[in-house]
Amino acid sequence: MKQIIIATKNKGKAKDFEAIFEPLGFEVLTLFDVAPDMEIEETGSTFEENAVLKAETVANRLHTYVIADDSGLEIDALHGEPGVYSARYAGDHDDEANMDKALRNLEGVPTEDRTAHFTCCLAIAGPDVPTETVKGTCEGVILTERRGDQGFGYDPIFYVPEKEKTMAEMTPAEKGSLSHRGNAIRKLASDLPTWLQ
Ligand SMILES: O=c1[nH]c(=O)c2ncn([C@@H]3O[C@H](COP(=O)(O)OP(=O)(O)OP(=O)(O)O)[C@@H](O)[C@H]3O)c2[nH]1
Ligand SMILES: [Mg+2]
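Residues numbered from 1 in each chain as written. Chains lettered and ligands numbered in written order. Predicted model: local features only at pLDDT ≥ 70, side-chain atom pairs only at ≥ 80, totals over all residues.

K.L.:
Sorry, what's going on with the nonpolar core here?
P.N.:
One recurring pattern in soluble globular proteins is that nonpolar side chains are buried together. If you look at the biggest cluster of nonpolar residues, it comprises 47 residues, and the most contacted ones within it are A7, A55, V66, I67, L122 and A123. Tallying contributions element by element places strand β5 (residues 115-126) first for this core, with eight residues. Once residues lying within four places of it in the same chain are set aside, the contact partners of I67 are I4, I5, I6, A7, A55, L122 and I124. (Core = buried A, V, L, I, M, F, W, Y, C linked by C-beta atoms within 7 Å. Buried ≥ 20, exposed ≤ 12 C-beta atoms within 10 Å, placed from the backbone. Helix = DSSP H or I, 4+ residues; strand = E, 2+ residues; numbered from the N terminus. Contact = placed C-beta atoms within 7 Å.)

K.L.:
In this structure, what is going on with the site of ligand 1? I would like to understand it.
P.N.:
Around ligand 1, a shell composed of 23 residues is seen, among which T8, N10, S86, A87 and G153 lie nearest. Among the elements that take part in the shell around ligand 1, strand β3 (residues 66-75) stands out by supplying five residues, more than any other. When grouped by side-chain class, the residues that make up the shell around ligand 1 number seven nonpolar, nine polar and seven charged. (Near = placed C-beta within 6 Å. Nonpolar A, V, L, I, M, F, W, Y, C, P; charged D, E, K, R; others polar.)

K.L.:
Could you clarify how one ought to interpret the sheet that holds strand β8 (residues 165-166) in this entry?
P.N.:
Adjacent strands of a sheet form backbone hydrogen bonds with each other and so pair up, either parallel or antiparallel. The six strands lie next to each other as β4-β3-β5-β6-β7-β8, forming an open sheet whose pairing is antiparallel. Because the sheet does not close on itself, it has two edges, and the strands there are β4 (81-82) and β8. One ladder, built from two bridges, connects β3 with β4; its direction is antiparallel. The residue bridging E74 from the neighbouring strand is P82, located in β4. Across the sheet, helix α3 (residues 47-62) is in contact with β3, β5 and β6 (129-142); its angle to β3 comes to roughly 160°. (Pairing = 2+ DSSP bridges. Axes fitted to C-alpha atoms, helices over the stretch in contact; angles between N-to-C directions.)

K.L.:
Hey, could you run me through the confidence of the model for the protein chain in this one?
P.N.:
Parts of the prediction with low pLDDT should not have their coordinates interpreted in detail. Of the residues in the protein chain, 96% have a pLDDT of 70 or more, and the chain-wide mean is 94. Across the whole predicted complex the pTM is 0.96, and at the interface the ipTM reaches 0.98. (pLDDT = per-residue confidence, 0-100.)

K.L.:
Looking at this structure, how should I read the UniProt feature "binding site: Mg(2+)" (unreviewed entry) in the protein chain?
P.N.:
Taking the numbering used here, the UniProt-annotated feature "binding site: Mg(2+)" (unreviewed entry) corresponds to E41 and D70. A maximum C-alpha distance of 12.2 Å places the annotated residues, which cover 30 residues in sequence, within one compact spot. Mapping E41 onto the fold places it in the loop between α2 (31-34) and α3. Turning to its location among the elements, D70 is positioned in strand β3. Once residues lying within four places of it in the same chain are set aside, the contact partners of D70 are F47, N50, A51, K54 and C121. (UniProt positions renumbered as here; feature names shortened; annotations may be inferred.)

Right under this line is the structure:
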């Protein structure tokens, strides 16, 4: 089976990648498999800068092709917060505290003003090629309480009107069919055969 390395330590993200790449015949490896000691400080101020930083750091270390994902939630009524700080909004990778903070900051905001979107920037870096990036987005509405137990991050409060479900009420495959990550991967997919032999 072909292997693809995702420069992530987020197990929820890894599951999202597996739901999309496994049906295409790829085994998904993460930093836990290939470089568990690596901690990359995300010093960029945009999703793109952080995705490139993560992909190039790991590609330089391993001398092979690597994909990195930098992503986050932007809430319109909060002027784009939490944005690049999504993982560390209230506590470092504390999904429950992060959701509580978003809900608190949106208290009293009516449904029609609770619009938000997820963005996913993917960077693919390799030893002898310029790094490429692609972006995918997904539009939704922030609920007032959690619904569903799938996914990760803000999925239980991110409602997708077309599906009448939160992302946490979808299977991994259904989330992948419309998510910011799925949309970014589909843009990248046409390049994959030449990048990853
Ligand atoms: O509900 C969600 N559904 C998603 O599909 C999703 N995608 C991103 N996010 C949020 O944005 C942060 C990314 O930050 P991030 O790109 O730095 O990743 P991370 O730090 O979690 O892992 P790594 O890949 O850097 O190792 C994550 O932690 C989450 O809070 C999501 N929340
Ligand atoms: Mg991170």
